[in-house]
Amino acid sequence: MNLAIQPVRPVDVEAIAALAREIWQDAYAGIVAQAQIDYMLEQRYNAPRLLEELAKPGYWWDQAAVDGERIGFSSCHLTGAPGELKLDKLYVLPARQRGGVGGALIGRALEHGRAAGCDTLVLAVNKQNARAIAAYEKHGFAVRESVRVDIGGGFIMDDFIMARSIPQAARPSSETDSGWKPPFPGGESDTGEA
Ligand SMILES: CC(C)(COP(=O)(O)OP(=O)(O)OC[C@H]1O[C@@H](n2cnc3c(N)ncnc32)[C@H](O)[C@@H]1OP(=O)(O)O)[C@@H](O)C(=O)NCCC(=O)NCCS
């Protein structure tokens, strides 16, 4: 599988919203009402909001492609709590799930967090979303708390907050005493670790 993870660009926002709808229908149809799916998609994936987030400091959107086909995306942002990054979205096409794409996108979020000096990656997941909870556990997250959030429109999100640590990049033990510098500053990659 020739997997590429790239930043989402303004020109991609319509395709990302369409991908979100396709994945949400599969993931949430048995968990939340259709009216809530429609409400949340409109609230979170309207073009002005996506474009605003793409331009906002402390926000990162990434997309995954295999052989040029867009198959998933993720977004994360600083929460304002010291050292904390939130994985806000993580979506992979049903036919491409369980192939490591979700893990690779989590790996990219860890890279953003590390570069921003964060030590903790948090997320919210619907308590009934067993598939995603299993994926997050596989990738090192554990449940931290249980929350019920009123999102307006008469809808409630009944979620677990999960968290994992953001490992710092390994450095050669000689770095501090030899003046060693990484050959490609900021270019270290741990995409496979999550
Ligand atoms: C959560 C999600 C992004 C994971 O992406 P992915 O590409 O499948 O992730 P990975 O391949 O890295 O990890 C898959 C792991 O998730 C778990 N998992 C995934 N689907 C599962 C299922 N149907 N039943 C049980 N465990 C499952 C397993 O631990 C699996 O590892 P395994 O295949 O080695 O057993 C993907 O399932 C998805 O898009 N789900 C629908 C949208 C969603 O719920 N997003 C999360 C919103 S909070």
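On a predicted model such as this, the values are computed, not experimentally measured, just so you know.

About the thresholds
Residues numbered from 1 in each chain as written. Predicted model: local features only at pLDDT ≥ 70, side-chain atom pairs only at ≥ 80, totals over all residues. Near = placed C-beta within 6 Å. Helix = DSSP H or I, 4+ residues; strand = E, 2+ residues; numbered from the N terminus. Nonpolar A, V, L, I, M, F, W, Y, C, P; charged D, E, K, R; others polar. Contact = placed C-beta atoms within 7 Å. Pairing = 2+ DSSP bridges. Axes fitted to C-alpha atoms, helices over the stretch in contact; angles between N-to-C directions. Parallel < 35°, antiparallel > 145°, perpendicular 65-115°, else oblique. Left-handed = near helix turned anticlockwise from the far one by under 90°. Buried ≥ 20, exposed ≤ 12 C-beta atoms within 10 Å, placed from the backbone. Right-handed = clockwise from strand over helix to strand, strands pointing away.

Caption draft 1: Region of interest: the site of the ligand. Ala27, Gln97, Gly102, Gly103 and Ala135 are the nearest of the 19 residues found near the ligand. At the level of secondary structure, the elements contributing two or more residues to the shell around the ligand comprise helix H1 (13-28), strand S4 (84-92), helix H4 (101-115) and helix H5 (130-138). For the shell around the ligand, the element with the most residues is H5, which contributes five residues. Here the residues of the shell around the ligand sort into 10 nonpolar, six polar and three charged.

Caption draft 2: Here's a closer look at the environment of Ile156. Take Ile156: it is sitting in strand S7 (residues 155-165). What Ile156 contacts, discounting residues up to four positions off in sequence, is Arg148, Val149 and Asp150.

Caption draft 3: The sheet that holds strand S3 (residues 69-78), seen in detail. Spatially, seven strands are ordered S1-S2-S3-S4-S5-S7-S6 in an open sheet, and the strand pairing comes out mixed. In this open sheet, the two strands that pair with only one neighbour each are strand S1 (3-7) and strand S6 (142-152). Pairs of neighbouring strands in the sheet enclose a mean axial angle of 30 degrees, with direction left out of account. Taken together, the seven bridges between S3 and S4 define a ladder with antiparallel strand orientation. In the strand pairing of S4, His77 is matched with Lys86. Strands S1, strand S2 (59-66), S3, S4 and strand S5 (120-126) of the sheet are contacted by H4, whose axis makes an angle of about 155 degrees with S4.

Caption draft 4: Broad picture of the packing of H1 against helix H2 (residues 34-45). Contact geometry of H1 with H2 gives a least axis separation of 11 Å together with a crossing angle of 150 degrees. The orientation of H1 with respect to H2, classified from their angle, is roughly antiparallel. The handedness of the crossing between H1 and H2 comes out as right-handed. Across from Ala17, Ala20, Arg21, Trp24 and Tyr28 in H1, the residues of H2 making contact are Ile37, Leu41 and Tyr45.

Caption draft 5: Inspection of the environment of Gly117 at higher detail. Residue position: Gly117 is located in the loop between H4 and S5. What makes Gly117 exposed here is the crowd of 12 C-beta atoms within 10 Å. Along the sequence, Gly117 and Gly83 sit 34 residues apart, while their C-alpha atoms lie 6.5 Å from each other.

Caption draft 6: How the structure looks around the packing of H1 against helix H3 (residues 47-55). Direction vectors running N to C along H1 and H3 enclose 115 degrees, while the axes themselves pass 10 Å from each other. Viewed along their axes, H1 and H3 form a crossing whose handedness is right-handed. Touching Val13, Glu14, Ile16 and Ala17 of H1 are Ala47, Leu50 and Leu51, all from H3. Looking at side-chain class alone, the contact of H1 with H3 contains six nonpolar, no polar and one charged residues.

Caption draft 7: Up close: unusual backbone geometry. Its identity is not glycine, yet Asp67 carries a phi of approximately 50 degrees, on the positive side. Structurally, the position occupied by Asp67 is in the loop between S2 and S3. One non-glycine residue, Arg98, lies in positive phi territory at about 70 degrees. Structurally, Arg98 can be placed in the loop between S4 and H4.

Caption draft 8: Layout of the pairing of S4. Within S4, seven of the nine residues are buried, which leaves the element mostly enclosed by the surrounding structure. Linking S3 to S4, which pair antiparallel, is a turn of five residues; within it Gly80 sits at a positive phi near 100 degrees. The pairing of S4 with S5 spans three bridges and is classified as parallel. Among the inter-strand pairings, Glu84 is bridged to a residue of S5, identified as Thr120. You can see the chain leave S4, run along H4 and come back into S5, and the turn it takes is right-handed.

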